[in-house]
Amino acid sequence: MDDMTFLEKFYNFAQQQPDAPAIQQLTPDGALQTVASYQQLLDQASRLALGLVTRFGHASTPRKVGLAIENTPNWVITDLALQLLGWIEVPVPLAFSPAQAASLLKDVELILTDAASHNKMQEWADKESTIVSPLFRIEHNLYSEDYDADSLWRDAIGRVNNNPEAIVKIIHTSGTTSAPKGVRIRSTALEHQVRVLLKDIRPESLRCYLALVPLSLLIEQLFAVEVILASGGKIVFLPAGVKPFGGGDTRADDYLPHIKAANPSMMTVPPAIVESINNRADTLLASGIARDALSNEIFGGPSLPFLTCGGAPISKSTLDALAEKGINAYEGYGLSEATAVVSWNKPDRFRFGSAGMPAPQVEMKIADDGELLVKTPTLFDGYEGSDSSALSLTDDGWLKTGDIAEFDADGFLYIRGRKRNLIISSAGRNVAPEWVEATYRQNAGVHNIAVFGDSLEHLVAFIIPSADVVDDSQLISDLTELAEDQLPEYARVFEFHLLDAQQGSEYFTITGRPQRQQLWQSLGHVFTGN
């Protein structure tokens with residue numbers, strides 16, 4: 001069983017329990033509606049795969065296909081169909097700008113959309129002349145009515161086993177410019193991650209996964225689709241029309257009712273959602289709700305979900321505060337270049353403030369300059385497009401992560417910041433901005449923040465306020481007080497500039513990571529006057 005591929009695990013479960021729910025979706029009133037059983041999902045993916053072959057034919061090399069679909073059941077159906085064909089999938093975030101999408105999709109042969117995403121993709125193509133690949137809505141005559149599912153799946157499983165080094169996905173990752181790099185993911189790396197995670201995650205956590213963040217993110221593909229469907233669990237999607245959480249014009253508090261309605265056993269949550277859960281717990285306790293009733297009030301049932309988080313640092317004080325209320329959130333660390341996860345905390349082995357311990361078969365060490373080096377069987381196959389932020393390998397095969405890190409005496413990993421982000425003030429102080437940002441992000445009024453200070457007398461910051469902030473001056477006053485309590489003077493921000501939600505989507509990634517070089521080049525003059 002451990003040696004089975006993802007497709008084989010999914011296929012076998014569909015044969016054994018064809019009526020088990022594979023995909024559910026929340027309705028606007030909070031009810032759960034089954035969209036597809038395992039057998040229905042298998043049939044739909046098979047029909048689409050054979051329909052694509054009928055329309056576009058086989059090729060001597062795998063076709064490269066853009067997947068421009070929002071978080072919906074159609075995303076999963078299309079992903080499975082492309083895996084069945086062995087075509088290379090290029091998921092594009094619908095929160096991208098047209099120029100970013102054009103950069104990621106420049107070499108694809110065709111772009112698959114659905115009814116919900118087609119118009120937006122067409123608008124992008126109209127604005128960007130470099131998006132020349134044809135668009136095809138999967139509902140428009142791409143499903144085959146004549147198919148042999150068993151033969152199709154047997155062939156696909158055999159191909160995966162016989163060609164482990166095949167490139168299966170090209171995943172976006174941010175760089176120093178607005179054009180994303182594409183990370184080439186190998187089949188064997190993805191399969192390895194699925195096997196490791198299935199061993200590491202408790203079976204009861206795999207019952208129901210709520211997809212909160214965009215499926216264009218590799219970590220969400222890995223957990224929501226690969227791990228959950230390989231284990232016989234179900235994926236739950238947000239109500240139709242509700243965007244996945246990704247910053248910009250999305251507000252963390254708005255997702256709390258959906259979390260309660262879904263009653264999930266597992267979620268991947270960005271820092272803003274963790275902070276919103278903590279604030280909600282505080283409000284409930286202040287209203288007289290008992291501590292042991294928090295799970296029912298927040299998560300819709302007596303059992304707490306397995307909350308994994310990453311993408312941007314979370315303040316240890318927030319994690320500690322949640323834990324005091326009986327709710328644990330477990331940080332991890334990973335890179336697309338290592339096929340997502342390389343270390344994480346889990347219920348039987350965790351330390352708040354750390355990124356956990358290395359995953360099985362992952363080796364780590366710290367270089368002389370403090371940079372974390374990683375050796376793993378899940379390394380990527382290189383980039384499609386590149387810039388100065390591209391990662392490289394040492395001569396003996398260690399991935400240079402670009403992150404400054406250290407280990408404690410027990411082997412827990414601590415990420416201190418990006419090597420290239422390290423601030424050196426005009427006073428000669430070295431400050432990792434990620435640490436400072438995580439501190440300020442404890443304030444619920446801070447949706448996102450980017451701190452700068454290279455060659456400046458003091459630190460400065462751009463802030464995206466939360467949607468419910470009504471008094472900017474009060475927010476700045478509260479942040480100043482927070483810093484005086486928790487940060488040394490050299491690490492405090494003395495000037496703030498507030499940005500709007502539109503600027504947030506332009507200068508921060510989907511997971512909330514600042515596009516520092518682009519942001520400073522465009523808006524740094526508000527602090528320097530130049």
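Scroll up to find the structure.
Here the structure is a predicted model, which means the values were calculated and not measured.

Definitions and cut-offs
- Residues numbered from 1 in each chain as written.
- Predicted model: local features only at pLDDT ≥ 70, side-chain atom pairs only at ≥ 80, totals over all residues.
- Heavy atoms only, no water.
- Helix = DSSP H or I, 4+ residues; strand = E, 2+ residues; numbered from the N terminus.
- Rg over C-alpha atoms; globule rule 2.2 N^0.38 Å.
- Buried < 20%, exposed > 50% of the residue type's maximum accessible area, 1.4 Å probe, protein only.
- Contact = heavy atoms within 4.5 Å.
- Areas by Shrake-Rupley, 256 points an atom, 1.4 Å probe, with all protein chains shown as cover.
- Pairing = 2+ DSSP bridges.
- Axes fitted to C-alpha atoms, helices over the stretch in contact; angles between N-to-C directions.
- Expected span 1.5 Å × (residues − 1).
- Core = buried A, V, L, I, M, F, W, Y, C linked by side-chain atoms within 4.5 Å.

Structural notes on the overall build of the protein
- Within the protein one finds 17 helices and 26 strands.
- Taking 2.2 N^0.38 as the reference for a compact globule, 530 residues should give roughly 24 Å; the C-alpha atoms of the protein span a radius of gyration of 23 Å, in line with that estimate.
- The dimensions of the protein, computed from C-alpha atoms along their principal axes, are 70 × 50 × 45 Å.
- A burial count over the protein gives 57% of its 530 residues as buried.
- In the protein, the share of contacts with a sequence separation of at least 24, taken over all contacts with a separation of at least 6, comes to 66%.
- When the accessible surface of the protein is split by element, carbon and sulfur atoms take 46% of a total near 21400 Å².

Topic: the sheet that holds strand β25 (residues 459-465)
- Taken together, the three strands give an open sheet; going across it, the order is β24-β25-β26, and neighbouring strands pair in mixed fashion. A single partner strand is all that each edge strand has here, and the edge strands are β24 (446-452) and β26 (493-498). For this sheet, the mean angle separating the axes of adjacent strands, direction not counted, is 30 degrees.
- Taken together, the five bridges between β25 and β26 define a ladder with parallel strand orientation. Counted as the bridge partner of Leu-459 is Val-493 from β26.

Brief notes about helix α3 (residues 73-85)
- For α3, built from 13 residues, the straight-helix expectation of 18 Å at 1.5 Å per residue is met to within 8% by its first-to-last C-alpha distance of 19 Å.
- For α3, the tally of buried residues reaches 13 of 13 residues, placing the bulk of the element in the interior.
- Taken from the residues just after α3, Gly-86 is the one with a positive phi, measuring 75 degrees.

Considering the nonpolar core
- Core analysis: the biggest nonpolar cluster contains 87 residues, and Leu-41 and Leu-229 have the highest contact counts within it.
- Setting aside chain neighbours within four positions, we find Leu-229 in contact with Phe-6, Phe-10, Ala-22, Tyr-38, Leu-41, Val-76 and Ile-235.
- With 34 residues, the next largest nonpolar core counts Val-236, Val-274, Ile-327 and Ala-329 among its residues.

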